[in-house]
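Listed below are the residues making up each chain.
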Amino acid sequence: MPCRFPNRHPNSPQTLDPAGRLELPVAGEWKRVSPRYVVVEIVGTVIFGLVLCAGATALWLLAEVSWAPIVLALIVVVTLVVVSFEPRRVRSIGYQLRQDDLLFRRGIMFQRFVSVPYGRMQLIDVTRGPVARWLGLADLKFVTAAASSGVLVPGLAFDDAEALRDRLIELAESRRAGL
């Protein structure tokens, strides 16, 4: 099969499979976020939808805007569609600890792969929102010198997030010492 990347050799480590997905070299098993993270995403989406519905209802009832009921119906439909995709979207999130970097992926239709070299990590932060804290989950955030390369791995069990943070700090310090 010819490679779809014009400047890449067909036998390079990153090629496309017949379905058009990016094939990365096998370096380990993809670790996924907790299935409980779906609840965090659904709660956030529903709250956002309710706030928008409240705004559309206020326009309809208080300002007597004639098109507000249509906007209200659209908000409800879009919120329901987004909620129906949340489980699949959460299953698409994963990470791999490779020899020299952490590889992060997310996305269904628009896939994103980010490689964060251990030696370039400057900050590794564990954060927890109220719903995530209630479910025993945490987010792990990596910051590097490049502003666009910050990575957030959401929905990890709190103990796993702390253990991963400690492991990544250890790897980052050992890699920076070699610079």
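In what follows, the structure referred to is the one given above.
Thresholds, definitions, all that
Residues numbered from 1 in each chain as written. Predicted model: local features only at pLDDT ≥ 70, side-chain atom pairs only at ≥ 80, totals over all residues. Heavy atoms only, no water. Helix = DSSP H or I, 4+ residues; strand = E, 2+ residues; numbered from the N terminus. Buried < 20%, exposed > 50% of the residue type's maximum accessible area, 1.4 Å probe, protein only. Contact = heavy atoms within 4.5 Å. Polar contact = N/O pair within 3.5 Å; in protein donor to acceptor, adjacent residues only side chain to side chain. Core = buried A, V, L, I, M, F, W, Y, C linked by side-chain atoms within 4.5 Å. Axes fitted to C-alpha atoms, helices over the stretch in contact; angles between N-to-C directions. Parallel < 35°, antiparallel > 145°, perpendicular 65-115°, else oblique. Nonpolar A, V, L, I, M, F, W, Y, C, P; charged D, E, K, R; others polar. Salt bridge = Lys/Arg side-chain N within 4 Å of Asp/Glu carboxyl O. Pairing = 2+ DSSP bridges. Phe/Tyr/Trp six-rings, centres within 6.5 Å; stacked < 30°, edge-to-face > 60°. Lys NZ or Arg CZ within 6 Å of the ring centre and 35° of its normal.

Peer 1: Kindly report on the overall build of the chain, identifying the contributing residues and their values.
Peer 2: The helix and strand tally for the chain stands at four helices and nine strands. Out of the 179 residues in the chain, the part that is buried amounts to 33%. Summarising the internal contacts of the chain: among those between residues at least 6 apart in sequence, 45% fall at separations of at least 24.

Peer 1: Describe the environment of Asp 139, with residues and values.
Peer 2: Here Asp 139 is to be found in strand 8 (residues 137-144). Sequence separation between Asp 139 and Arg 128 is eleven residues, and the spatial gap between their C-alpha atoms is 6.2 Å. In this structure, Asp 139 is in contact with Tyr 37, Asp 125, Val 126, Thr 127, Leu 152, Val 153, Pro 154 and Gly 155, ignoring residues within four places of it in sequence. A polar contact is formed between the side chain of Asp 139 and the backbone nitrogen of Gly 155, at a distance of 3.2 Å.

Peer 1: For the nonpolar core, give the residues involved together with the corresponding values.
Peer 2: For soluble globular proteins, nonpolar side chains are generally found buried alongside one another. Leu 102, Met 121, Leu 140, Phe 142, Val 153, Leu 156 and Leu 168 are the most contacted members of the largest nonpolar core, which has 29 residues in total. Of all elements in the fold, only helix 1 (37-61), strand 5 (101-106), strand 6 (112-117), strand 7 (121-127), helix 3 (130-135), strand 8, strand 9 (151-157) and helix 4 (158-177) reach the threshold of two or more residues within this core. Top element by residues in this core is helix 4. It accounts for five residues.

Peer 1: Could you give me a rundown of the packing of helix 1 against helix 2 (residues 68-91), with the residues and numbers involved?
Peer 2: Axis separation between helix 1 and helix 2 bottoms out at 9 Å; the angle between their running directions is 175°. Between helix 1 and helix 2, the angle falls in the class roughly antiparallel. Partitioning the contact of helix 1 with helix 2 into residue classes produces 19 nonpolar, four polar and three charged.

Peer 1: I'd like to hear about the pattern of salt bridges, residue by residue, with values.
Peer 2: Here the structure, examined in full by the defined rule, presents six salt bridges. For Glu 41, the salt bridge is made with Arg 89, and the minimal N-O distance between the two is 2.2 Å. Of this pair, Glu 41 sits in helix 1 while Arg 89 sits in helix 2, placing them 48 residues apart in sequence. Residue classification places Glu 41 among the buried positions, given a relative accessible area of 18%. Given the relative accessible area of 25%, Arg 89 is considered partly exposed. Between Arg 89 and Glu 86 there is a salt bridge whose closest N-O contact spans 2.9 Å.

Peer 1: Now, about the sheet that holds strand 3 (residues 31-32): what can you tell me, with residues and values included?
Peer 2: With respect to topology, four strands assemble into an open sheet ordered 3-4-5-6, the strand pairing being antiparallel. Among the strands making up the open sheet, the edge pair consists of strand 3 and strand 6. Pairing geometry for strand 4 (residues 94-97) and strand 5, over four bridges, is antiparallel. Counterpart to Gly 94 in the pairing with strand 5 is Arg 105.

Peer 1: Which residues make up the packing of aromatic side chains, and what values go with them?
Peer 2: Tallied over the full model, the rule gives one aromatic pair. Its guanidinium or amino end placed over the ring of Trp 30, Arg 105 lies 4.4 Å from that ring's centre, counting from NZ or CZ. One residue, Arg 128, lies across the ring of Phe 158, its end atom 4.1 Å from the ring centre.

Peer 1: Provide a residue-level description of the side chain of Arg 105, including the pertinent values.
Peer 2: Topologically, Arg 105 is positioned in strand 5. Among the polar contacts listed, one links the side chain of Arg 105 to the backbone oxygen of Ser 92, at a separation of 3.5 Å. Once residues within four sequence positions are removed from consideration, Arg 105 is found in contact with Trp 30, Arg 32, Ser 92, Ile 93, Gly 94, Arg 112 and Phe 113.

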